[in-house]
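Chain by chain, the residues:
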Amino acid sequence: MELTIYTENIRLTDDLEAYVQDKLSKLERYMPNIESVHVELEIKNSSRGPDTAVAQITVRHDRGAILRTEEKLDKQDYNTIKMALNGAQDKMLRRIKRFKGKGRSKRLRERYTMSPEEFKVAEPLPVESETVAETETVLEESAESQIVRRKVVGVIAMNEEEAIEQMELLGHNFFVFYNPEKQAMNIIYRRGTEGYGILEPELA
């Protein structure tokens, strides 16, 4: 498992690097065959209030599934970034719990669910991650209407069931994918407690 750490506006001390490695090296116990773990630690400076400590974890499984979590906390001191990392790791354990889910279709088991062989070697998740509620607090969006970030998104061909699973593993409320059956780009999104919706764009 390859572990990389990226920091912005915060110095990666030996102590912080050791802390990250100690926390995240354990993920492979619960989810075998992790290809890579990428950690982003950032302090976002604010002129209107406290600075924000942000920790994001991205896990790539060797069969293609991507799991991602993020935690944001108001900065109190240097250790706040560690607390943010702890929160992101707790969320990641919940993503892994979903990845370990049974009863999925054969096609989902090939990429988005743990294989029987992996089940045999995977350790049980910590009790607290098994009992915590799946619903996570949705962070408030900025009131500013201007575009502050532009990102190129790699699109993968998959069916609707696969798109739902990848969206849930990423922890997003929507997901863009190429639907081979429709031969078009589709967007799947979460409808609160009412399941999912599909957007099929077409020129008006």
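In what follows, the accompanying structure is described. Nothing here was measured: the structure is a model prediction, and the numbers come from that model.

Quick notes on the rules
- Residues numbered from 1 in each chain as written.
- Predicted model: local features only at pLDDT ≥ 70, side-chain atom pairs only at ≥ 80, totals over all residues.
- Heavy atoms only, no water.
- Helix = DSSP H or I, 4+ residues; strand = E, 2+ residues; numbered from the N terminus.
- Contact = heavy atoms within 4.5 Å.
- Polar contact = N/O pair within 3.5 Å; in protein donor to acceptor, adjacent residues only side chain to side chain.
- Buried < 20%, exposed > 50% of the residue type's maximum accessible area, 1.4 Å probe, protein only.
- Pairing = 2+ DSSP bridges.
- Axes fitted to C-alpha atoms, helices over the stretch in contact; angles between N-to-C directions.

**Brief notes about the environment of tyrosine 196**
Tracing the sequence through the fold places tyrosine 196 in strand β7 (residues 196-199). When the C-alpha positions of tyrosine 196 and phenylalanine 174 are compared, they lie 9.2 Å apart, and in sequence the two are 22 residues distant. With near-sequence residues (within four places) excluded, tyrosine 196 lies in contact with Arg98, Ile164, Met167, Glu168, Ile188, Tyr189, Arg190 and Arg191. Reaching out from tyrosine 196, the side chain makes a polar contact with the side chain of glutamate 168 at a distance of 2.6 Å.

**Concerning helix α7 (residues 160-170)**
An α-helical turn contains 3.6 residues, so a residue and the one three or four places further along point in the same direction. Burial analysis of α7 places nine of its eleven residues in the buried class, the great majority of the element. Listed as buried for α7 are Glu162, Ala163, Ile164, Glu165, Gln166, Met167, Glu168, Leu169 and Leu170. For α7, the side-chain oxygen to backbone nitrogen distance between the N-cap and glutamate 161 is 3.2 Å, and the N-cap itself is asparagine 159. Immediately beyond the C-terminal end of α7, within one or two residues, lies glycine 171, with a positive phi of roughly 80 degrees.

**Observations regarding the sheet that holds strand β5 (residues 174-179)**
In space, the three strands of this open sheet follow the order β5-β6-β7, with antiparallel pairing throughout. If you trace the sheet from one side to the other, it starts and ends with β5 and β7, each paired once. Sheet twist, expressed as the mean angle between neighbouring strand axes with direction ignored, is 25 degrees. Here strand β6 (residues 184-190) runs beside β7; their pairing, made up of four bridges, is antiparallel. Bridge pairing in β7 links arginine 190 to tyrosine 196. Packed onto the sheet, α7 meets β5, β6 and β7 and runs at close to 150 degrees relative to β5.

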